[in-house]
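Each chain, written out:
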Amino acid sequence: MKGTYSMPQNELETLHQYFGYTSFRRGQEEIIRSILEGRDTVGIMPTGGGKSLCYQIPALMLPGVTLVISPLISLMKDQVDSLSQLKVPSAYINSSLGWSDIEYTLYLASKGEFKLIYIAPERLESESFMSVLKGMNISLLAVDEAHCVSQWGHDFRPSYLSIAKLTERMNSRPVIAAFTATATEQVKQDIIDQLWLCDPNTYVTGFNRENLFFSVVRGEDKLQYITDYLNSCGEQPGIIYAATRKEVDKIFELLCKKGFKAGKYHAGLSDSERSRTQNAFSYDEIRVMVATNAFGMGIDKSNVRFVIHFNMPKNMEAYYQEAGRAGRDGDRAECILLYGPSDIHIQKFLIEQGTQSPERKAAEYSKLQDMADYCHTSVCLRKYILEYFGEEADNECGNCGNCTDESELSDITTEVQKILSCVKRMGEQYGANLTANVLKGSSNKKVFQLGFEKLSTYGIMREYTLNELVGLINLLAAEEYLYVAEGAYPVVRLGRRALPVLKGQERVMRKLRRKAKQEPQTADRELFELLKALRKQIAYEQSVPPYVIFNDSTLREMST
Ligand code: ADP
Ligand code: MG
């Protein structure tokens, strides 16, 4: 892994000389300059935006060595292999190496043989390792996937919290640069606080990925949709994400039976099985990867042409990160979310079963609501995403599923008024389901217990199915005519846009989606089966000896 190395003069020259690229991508140059000026730096760029070069180029230009903290063992090897091809002396240290290899690498490192050393964060918990680092001339500490330091991110790694202590113990404090694709304010602030960054420069490059085409598909038979989709798009490679291992197994089996070249990936498979399928996917031997969210952070396959979500993820950060694995080569790719009514229940169930603090749960519910709003909204999906991440956006991108929806615009003001007044009359204290039951005029027990059959709005929307009514209520919530107070039992209230509509001052025009196919029994049964499986898994986790704490990560493991 050693190579010949001469220190280049400037960043553009380094880019040419070592990486063979002609120009920087958005944000790279500023981030590199900031690091070279000795400032702590936070770089927030979308997946595929080119974060690695932002620390690799300074690493080549600074004296001493750059230590890269990365949670991704497979990625470390890939990066070191490609750096070695580019004649950049580099190494990695993680649990895939034996003791003698680690010792030899550390010996070479102490002699200053490397420009970059990649390490897994868990190493920092070893006292002996820390003392070796102390003797090295480390000028830059690059923290990749820095959202792992934040409990608010989607991938918290407790050992990331040791990074700050490391810098305290070094003879001279290196410059620290942190990189992530997670852009929320909370995560950014956590990165700054938990890594003890000093007055950092922060760069956020645009989150818009022009080549990604977003859509949400509702009320379809999901398995049928997937097979139709795969049949319609030739041999294009893609990923299908599902919420649980069980679902992954089910989809995988179906696809194999139908003759698609599929692979599967989740935390229940052995390390060797997982790396075998991941490699097969990288080399296009497998066309479709069916996976839980355990698959993907750091996969470097640039020609993924579609990412389909079989279930709604828990929040927009997770969604955009996963969907963003499509089209890293810049060519057109599709990001399709298949939404079904049971999705939200699965995610709620996972939050409810967690042992996190009540505040944390409340925050997770709120994020889940934003995710559900994405699935229900009829506004431009790209706009929704960009605004979620705090960016301004045009009203219509013109190419997402909502912008290109050709169904006719209809005036739904009367329907909206009926729903809003029903919510009002019910005292703004109940959920979407009960409201739908009242509007439908159903003989549901709870409706009668509460005396809602006497309301004037009881049965005023009889012609709709319960599912359609719940769908409408969700749409209105997504667009702020209604407001859903979060929690395990969400309550529907009037939203900030309700009054003008109730007063007849504003009309509501919407493209109404094709009516959902009516298969409530299948949906209910599916949900029931899923919850049953989850419960069983949890009962199992809780029956294992008490030293296994049932916390976030076991939950995550359970669902991945
Ligand atoms: P990220 O870590 O932000 O997800 P990577 O660092 O893995 O992204 O980069 C994604 C891809 O973009 C890589 O294949 C990388 O070589 C390529 N890339 C990065 N910067 C440039 C550049 N300035 N010009 C051309 N390609 C680039
Ligand atoms: Mg990266």
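Above this note sits the structure.
All figures in this text were calculated on a predicted structure; none of them were measured in a lab.

**Topic: the overall build of the protein chain**
- Looking only at helices and strands, the protein chain features 22 helices and 17 strands.
- Expressed as a percentage of contacts within the protein chain between residues at least 6 apart in sequence, the contacts between residues at least 24 apart total 72%.
- Accessible surface, the protein chain as shown: approximately 25500 Å² in total, 48% of it carbon and sulfur.

**A look at empty space enclosed by the protein**
- Summed over the entire model, instances satisfying the criterion amount to two cavities of 30 Å³ or more.
- The volume enclosed by the largest cavity comes to roughly 70 Å³.
- If you go around the largest cavity, the residues you meet are Pro46, Thr47, Ala181, Thr182, Phe207, Arg209, Glu317, Tyr320, Gln321, Gly324 and Phe389.
- Class assignment of the residues belonging to the lining of the largest cavity gives a composition of five nonpolar, four polar and two charged.

**Examining the site of ligand 1**
- In the vicinity of ligand 1 lie 14 residues, with Tyr21, Ser23, Gly48, Lys51 and Ser52 positioned nearest.
- Tyr21 is positioned with one of its side-chain polar atoms (N or O) 2.6 Å from an oxygen atom of ligand 1.
- Lys51 has a polar side-chain atom sitting 2.8 Å from an oxygen atom of ligand 1.
- About the coverage of ligand 1: the protein hides 78% of its 570 Å² of free accessible area.
- Of all the elements, helix α3 (residues 51–61) adds the most residues to the shell around ligand 1, at three residues.
- When grouped by side-chain class, the residues that make up the shell around ligand 1 number four nonpolar, seven polar and three charged.

**Here's the deal with the environment of Gly20**
- Note that Gly20 resides in the loop between α1 (11–19) and α2 (28–36).
- Spatially, the C-alpha atom of Gly20 lies 9.4 Å from that of Leu86, the residues being 66 residues apart in sequence.

**A look at the side chain of Arg123**
- Checked against the element boundaries, Arg123 lands in the loop between β4 (116–119) and α6 (127–134).
- For the buried residue Arg123, which engages in no salt bridge, the nearest side chain bearing the opposite charge is Glu122, 7.0 Å off.
- Among all residues touching Arg123, those that are not within four sequence positions of it are Ile93, Asn94, Ser95, Ile102 and Phe129.

**As for the sheet that holds strand β1 (residues 41–44)**
- Strand order in this open sheet of seven strands is β3-β4-β2-β5-β6-β1-β7, and the pairing throughout is parallel. On the outer flanks of this sheet lie β3 (90–93) and β7 (201–204), each paired with one strand and no other. Across the sheet, the mean angle separating the axes of adjacent strands is 15 degrees when strand polarity is ignored.
- Taken together, the four bridges between strand β5 (residues 138–143) and strand β6 (residues 175–180) define a ladder with parallel strand orientation. Bridge pairing in β6 links Leu140 to Val175.
- Here helix α4 (residues 73–85) sits on the sheet in contact with β3 and β4, set at roughly 165 degrees to β3.

**Observations regarding helix α15 (residues 381–388)**
- In terms of burial, α15 is largely enclosed, as seven of its eight residues are buried.
- Of all the positions in α15, only Leu381, Arg382, Lys383, Tyr384, Ile385, Leu386 and Tyr388 are classed as buried.
- Just past α15, the residue Gly390 takes up positive phi, approximately 80 degrees.

**Overview of the sheet that holds strand β13 (residues 333–339)**
- Spatially, six strands are ordered β8-β13-β12-β9-β11-β10 in an open sheet, and the strand pairing comes out parallel. For this open sheet the edge positions go to β8 (212–218) and β10 (262–265), each flanked by a neighbour on one side alone. The mean angle between the axes of side-by-side strands here comes to 15 degrees, regardless of whether they run parallel or antiparallel.
- Where strand β9 (residues 238–241) meets strand β11 (residues 288–291), four bridges bridge the pair, whose relative direction is parallel. Each residue of the ladder has a partner; that of Ile240, found in β11, is Val290.

The rules we used
Residues numbered from 1 in each chain as written. Chains lettered and ligands numbered in written order. Predicted model: local features only at pLDDT ≥ 70, side-chain atom pairs only at ≥ 80, totals over all residues. Heavy atoms only, no water. Helix = DSSP H or I, 4+ residues; strand = E, 2+ residues; numbered from the N terminus. Contact = heavy atoms within 4.5 Å. Areas by Shrake-Rupley, 256 points an atom, 1.4 Å probe, with all protein chains shown as cover. 1 Å grid on protein atoms, 1.4 Å probe; cavity = no way out; pocket = protein on both sides within 12 Å on 5 of 7 lines; lining within 4 Å. Points joined across faces, edges and corners; volume = space filled by probe spheres on them. Nonpolar A, V, L, I, M, F, W, Y, C, P; charged D, E, K, R; others polar. Near = heavy atom within 4 Å. Polar contact = N/O pair within 3.5 Å; in protein donor to acceptor, adjacent residues only side chain to side chain. Buried < 20%, exposed > 50% of the residue type's maximum accessible area, 1.4 Å probe, protein only. Lys, Arg positive; Asp, Glu negative; His and termini not counted. Salt bridge = Lys/Arg side-chain N within 4 Å of Asp/Glu carboxyl O. Pairing = 2+ DSSP bridges. Axes fitted to C-alpha atoms, helices over the stretch in contact; angles between N-to-C directions.

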